[in-house]
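# Coordinates in review
Below are the chains, spelled out letter by letter.
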Amino acid sequence: MDKSTFEQRKIISGAMHASLKHDSAHKHVTGTADYIDDIPEPANLLHGALGLSDRAHADIAGIDLSDVAAYPGVVWVMTGADVPGVNDVSSNGMHDEPLLAETKVEFHGQPIFAVIATTRDIARRAARLAKVEYRDLPHWSDIDGALANGGAVVYDPMTLKRGEPESEMAKAPRRLKGQMRIGGQEHFYLESHIAMAIPGEDDEVTVWSSTQHPTEIQHIVGHVLNIPSNAVTVNVRRMGGGFGGKETQGNQFAALAAIAAKKLNRAVKFRPDRDEDMIATGKRHDFLVDYEVGFDEDGRIHALDATYAARCGFSSDLSGPVTDRALFHADSSYFYPHVHLVSKPLKTHTVSNTAFRGFGGPQGMVGAERIIEEIGYALGKDPLEIRKLNFYGQPGFGRTLTPYHQEVEDNIIGRIVDELEASADYQARRQAIIEFNRNSRYIRKGIALNPVKFGISFTMTAFNQAGALVHVYQDGSIHLNHGGTEMGQGLYTKVAQVLADAFQVDIERVKITATTTAKVPNTSATAASSGSDLNGMAAFDAARQIKERLVAFAAAKWDVEPAEVIFLPNRVRVGDIEIPFPDLVNQAYFARVQLSAAGFYKTPKIHWDRKAGRGTPFYYFSYGASCSEVSIDTLTGEYLIDRTDILHDVGRSLNPAIDIGQIEGAFVQGMGWLTTEELWWDAKGRLRTHAPSTYKIPLASDRPKIFNVRLAEWSENAEPTIGRSKAVGEPPFMLGISVLEALSMAVASVADYRLCPKLDAPATPERVLMAVERLKGM
């Protein structure tokens, strides 16, 4: 695009690459954005509540629901035997996740029955009156317990291998072994799970669901009702947050609502409260990483052998792909000449863990950064020096090949890190911090600069497709629908900008409508950071088709060459005349030109052979770096984030304002995962951190006191993505790792930086204090 064309495009309000406010921002802050619980309730609406198990693993010896059914206001009590189709809501076809447990429970809080009543309060109160007899079975709720009891897995493990790690490990000048525990994370979306089903004629049912994957809800509802997908319509206008927690976990609520609605021929809504939501739905996977690394005196890695074991819960859900992606990112930004990586997706008697922003990538990357950190402390060097030495693209044969045999062709990590190191004044600040720590008795500081390299695409190749439906009406207004869902990330706004830019009209002409399976079929989840990439290109394809028809019409009507039909801001030049866009559209309608199109896009180049551990699972990589400075109190373990500087690569940003917001939010969420957010199960397998009173997400006061975020404005995607942009949803989450590393340096100062503190995550104040006390004695 030449400069004059770019300047021309800036004339319209909302062209691609412009900073435009989120389409619903004013509604969010004024409380006028409609979520499912804000929709006017249909007449005779019923409400549902879950009956949850109070055992972690047990056979159901008997169940008496008579008191539940007799409670005033209860209309129906549903059990697994009442499911018309198959009593299963597994997302991957493995049939290992019953909608309602019938003979056995496998985690504390597993749904056994559902109560349908005239009010939500009645349904919840009645659900507590069930009498269930259990025969307890052995249970384990963590990785250690799973390994001690045979290490059963919920999905086939994956192995990545390149080179000769066994022999090269033995030859390495230096070697070290280590282990790191990485905690899970609760999604804590502001809107809990919710679904409302409205019965229709024959076998039809319409479901409003807070889900990132309307098509999967459609499949699951059809599955449990034993009806075809064409009888099920799923609608999603917006979610109050998702973060991966609504990719599969909404299945059970939608399925229960749909079954009850069809059974009773009345609309039914399920909305669990926060405690029930946290107890009964999955979370980010905990990991235990065991590693051995061989390296030389400079700090260059020669060989790596690592095992990534994960707490997956009682069923497979998405644990296979999550643990796969952990291995895909176990290299972080570093080249391993010889490498062997193995996943262990372990079965535990806990809720089945699921997708969470980054989808295993953060766990893989944290493990890699720990290894780099350990090498740094072993050699008495700044970990940043070790990082830069091992980056992809450094001199040496094969230094662009990942453990899964994909070439890193778009590598800019060196430039990103160098620019941030300079702009954040890292070297001078690090020396000042070392000097400060020498003279401070109780307060110690730390600083760290960490890179991010994140692969973009679904590793399941088939999911890398999207559709869009675009209508241009006679007055020149445009109707947009696509398969992506809006969970606050600004996807609707970005795709609307794509259309406004394509037609060269003000964005006010583009009507954004709710995602629905009735308009765009067979959609993929809005996940894997691919929402804008896929849906933006699909919408662009639909616009291209309509524009081609308009160009052909105008060229024929005014007897000019097609090249002489040019779309200008809110008008079209045809030869020597200019016509307002609405006028051209109106004339095209009367000439019977089709003004509607279904667009489609599939990501090129990608392929993956899981069994062989080889392929090109990612279309491209997104990069970034963060530099964080912290202060800790060595008497209490409490800490503050003093400053964070971020430089992040989003290619040529579709909307810089939205992208910067995504980066800021992702960083804080990642920081929370690694510091304050701790999940804890007791000896009976009960989740005890199931409410805001016991589970601590970051507050506004926890953000860095100085917070500088910049986009790498010089970056442009080498691949022909929409507007040459890059994904922004997940990659910046890993920027929070710099906080963990900075805390580690602060702790290390109490032993004069001779030892790696080996902080496990989350590095809560208690863990920081224990690490300080441990190092004081060394």
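Below: a short report on this structure. These numbers were taken from a predicted model, which means no experiment stands behind them. (Residues numbered from 1 in each chain as written. Predicted model: local features only at pLDDT ≥ 70, side-chain atom pairs only at ≥ 80, totals over all residues. Heavy atoms only, no water.)

Looking now at the overall build of the protein. Counting its secondary structure elements, the protein contains 20 helices and 29 strands. Taken over the C-alpha trace, the protein has a radius of gyration of 27 Å; the compact-globule value for 778 residues is 28 Å, and the two agree within 12%. Taking the contacts inside the protein whose residues are at least 6 apart along the sequence as the reference set, 81% of them involve residues at least 24 apart. Looking at the protein as shown, the accessible area adds up to about 28,600 Å², and 51% of this sits on carbon and sulfur atoms. With 82 positive and 97 negative side-chain charges, the protein shows a spacing of 2 Å between the two charge centroids. (Helix = DSSP H or I, 4+ residues; strand = E, 2+ residues; numbered from the N terminus. Rg over C-alpha atoms; globule rule 2.2 N^0.38 Å. Contact = heavy atoms within 4.5 Å. Areas by Shrake-Rupley, 256 points an atom, 1.4 Å probe, with all protein chains shown as cover. Lys, Arg positive; Asp, Glu negative; His and termini not counted. Charge placed at Lys NZ, Arg CZ, Asp CG, Glu CD.)

As a further point, take helix H17 (residues 581–590). For H17, the set of buried residues is Phe581, Pro582, Leu584, Val585 and Ala588. An end-on view of H17 places all buried positions within 160 degrees of arc, on one side of the element. Contacts made by the buried residues of H17 are with strand S17 (465–472), helix H15 (491–503), helix H16 (531–558), strand S21 (565–568), strand S22 (571–574) and strand S23 (577–580). Two residues or fewer after H17 comes Arg592, characterised by a positive phi angle close to 60 degrees. (Buried < 20%, exposed > 50% of the residue type's maximum accessible area, 1.4 Å probe, protein only. Arc of directions from axis to C-beta.)

Before going further, it helps to examine the packing of aromatic side chains. In total, this model carries 18 aromatic pairs according to the counting rule given. Summarising the aromatic geometry, the rings of Tyr334 and Phe391 are spaced 5.9 Å apart at their centres and angled 5 degrees between planes, so their arrangement reads as stacked. Here Tyr334, found in the loop between helix H10 (319–328) and strand S15 (338–347), pairs with Phe391, found in the loop between helix H12 (383–390) and helix H13 (413–423); they are 57 residues apart in sequence, far enough to count as distant. Comparing Tyr334 with Phe391, the two get one shared label, buried. (Phe/Tyr/Trp six-rings, centres within 6.5 Å; stacked < 30°, edge-to-face > 60°.)

One key point about sheets: their strands pair by backbone hydrogen bonds, in either a parallel or an antiparallel sense. Spatially, four strands are ordered S16-S27-S28-S29 in an open sheet, and the strand pairing comes out mixed. Because the sheet does not close on itself, it has two edges, and the strands there are strand S16 (443–456) and strand S29 (706–711). On average, each strand axis in the sheet is inclined to that of its neighbour by 15 degrees, with strand direction left out of account. Of the pairings in the sheet, the one linking strand S27 (residues 620–633) to strand S28 (residues 639–648) comprises nine bridges and is antiparallel in character. Bridging across to S28, Ser626 finds its partner in Ile646. (Pairing = 2+ DSSP bridges. Axes fitted to C-alpha atoms, helices over the stretch in contact; angles between N-to-C directions.)

Attention now goes to the nonpolar core. Here is a general trend for soluble globular proteins: nonpolar side chains tend to be buried in one another's company. Judged by nonpolar contacts, the single largest core of 157 residues is most densely connected at Leu499, Phe503 and Phe581. With residues near it in sequence (within four places) discarded, Phe503 still touches Val470, Val472, Ile478, Ala543, Ile546, Lys547, Phe567 and Phe581. The next biggest cluster of nonpolar side chains, apart from the first, holds 35 residues, and it includes Leu50, Ile227, Ala231 and Phe253. (Core = buried A, V, L, I, M, F, W, Y, C linked by side-chain atoms within 4.5 Å.)

What follows concerns a negative patch on the surface. Negative charge collects at one region of the surface, where Glu201, Asp202, Asp203 and Glu204 lie side by side. Considering the arrangement of structural elements, one finds Glu204 in the loop between strand S9 (195–199) and strand S10 (205–209). (Patch = residues over 30% accessible without salt bridge, like charges linked within 9 Å, V, L, I, M, F, W, Y side chains within 5 Å. Salt bridge = Lys/Arg side-chain N within 4 Å of Asp/Glu carboxyl O.)

Here we take up the packing of helix H7 (residues 214–225) against helix H8 (residues 251–264). For the pair H7 and H8, interaxial distance at closest approach is 9 Å and the crossing angle is 45 degrees. With respect to each other, H7 and H8 are oriented oblique. Our pair here, H7 against H8, has a crossing hand that is right-handed. Taking contact as the criterion, the partners of Glu216, Ile217, Ile220, Val221, Val224 and Leu225 in H7 are, on H8, Asn251, Ala254, Ala255, Ala258, Ile259 and Lys262. By residue class, the composition of the contact of H7 with H8 is nine nonpolar, one polar and two charged. (Parallel < 35°, antiparallel > 145°, perpendicular 65-115°, else oblique. Left-handed = near helix turned anticlockwise from the far one by under 90°. Nonpolar A, V, L, I, M, F, W, Y, C, P; charged D, E, K, R; others polar.)

The subject of this paragraph is the sheet that holds strand S5 (residues 111–117). The sheet built from eight strands is open, its strands ordered S3-S5-S1-S12-S9-S10-S11-S20 with mixed pairing. At either margin of the open sheet sits one strand with a lone partner, and together these are strand S3 (74–78) and strand S20 (515–516). Two strands pair when backbone bridges link them, and strand S1 (residues 46–52) and strand S12 (residues 268–270) are joined in this way by three bridges, in the parallel orientation. In the strand pairing of S12, Leu46 is matched with Val268. With respect to the sheet, helix H4 (residues 120–127) is in contact with S1, S3 and S5, its orientation differing from that of S1 by roughly 20 degrees.

Attention now goes to unusual backbone geometry. Put simply, Ala761 and Pro762 share a cis peptide bond, and its omega is 5 degrees. Here Tyr753, not a glycine, exhibits a phi torsion of approximately 60 degrees, which is positive. Along the chain, the position of Tyr753 falls in the loop between helix H19 (737–748) and helix H20 (765–776).

With respect to the helices and strands, the residue Ser738 is situated in helix H19. Look at Ser738 and you get buried, because its relative accessible area is 0%. Within the structure, Ser738 has its side chain in polar contact with the side chain of Ser626 (distance 2.9 Å). Among residues more than four places away in sequence, those in contact with Ser738 are Ala448, Asn450, Ser626, Cys627, Ser628 and Phe667. (Polar contact = N/O pair within 3.5 Å; in protein donor to acceptor, adjacent residues only side chain to side chain.)

Moving on, we come to the pattern of salt bridges. In total, this model carries 47 salt bridges according to the counting rule given. Between Asp273 and Arg124 there is a salt bridge; the shortest N-O distance is 2.5 Å. Residue Asp273 is found in the loop between S12 and helix H9 (274–280), and its partner Arg124 is found in helix H4; the two are separated by 149 residues along the sequence. Both residues of the pair, Asp273 and Arg124, count as buried. Where Arg429 meets Glu629, a salt bridge forms, and the shortest distance between an N and an O atom there is 2.8 Å. Taken as a pair, Arg429 in helix H14 (residues 426–439) and Glu629 in strand S27 lie far apart in primary sequence, 200 residues in all.

Another point: a nonpolar patch on the surface. A grouping of Phe436, Tyr442, Ile443 and Leu635 is seen on the molecular surface, where their side chains present a nonpolar patch of about 340 Å² in accessible area. Examined against the element boundaries, Tyr442 turns out to sit in the loop between H14 and S16. Under the relative-accessibility criterion, Tyr442 is labelled partly exposed at 36%.

Enumeration over the complete set of coordinates arrives at zero disulfides. No disulfide involves Cys756; its sulfur sits 18 Å from that of Cys627, the nearest cysteine. With relative accessibility at 11%, the residue Cys756 sits in the buried group. (Disulfide = S-S within 2.5 Å.)

Bringing the pairing of S9 into the picture now. Counting buried positions along S9 gives four out of five residues, so the element sits mostly inside the fold. Looking at chain direction, S9 and S10 are connected through five bridges and run antiparallel. Looking at the pairing, Pro199 lines up with Val205 of S10. Hairpin connection from S9 to S10: five residues lie between these consecutive antiparallel strands, with Asp202 at a positive phi of about 50 degrees.

This next bit is on H8. In this model H8 runs 20 Å from its N-terminal to its C-terminal C-alpha over 14 residues, within 8% of the 20 Å that 1.5 Å per residue would give. Of all 14 residues making up H8, 11 are buried, and the element is well covered by its neighbours. Taken as a whole, H8 has its buried residues at Asn251, Gln252, Phe253, Ala254, Ala255, Leu256, Ala257, Ala258, Ile259, Ala260 and Ala261. Looking one or two residues beyond H8, the residue adopting positive phi is Asn265, at roughly 55 degrees. (Expected span 1.5 Å × (residues − 1).)

A residue is classified by how much of its surface remains accessible, and Asp273, at 18% relative accessible area, is buried. Polar contacts involving the side chain of Asp273 include one to the main-chain amide nitrogen of Glu276, which spans 2.9 Å. Those residues in contact with Asp273 that sit more than four places away from it in its chain are Arg120 and Arg124.

By the element assignment, Ile301 lies in strand S14 (residues 301–313). On a C-alpha basis, the gap between Ile301 and Ala172 in space is 8.7 Å, while along the polypeptide they are 129 residues apart. When neighbours within four sequence positions are excluded, Ile301 is seen to be in contact with Val293, Gly294, Phe295, Tyr336, Pro337, Ile372, Ile375 and Asn390.

By themselves, these observations are geometric and do not establish any function.
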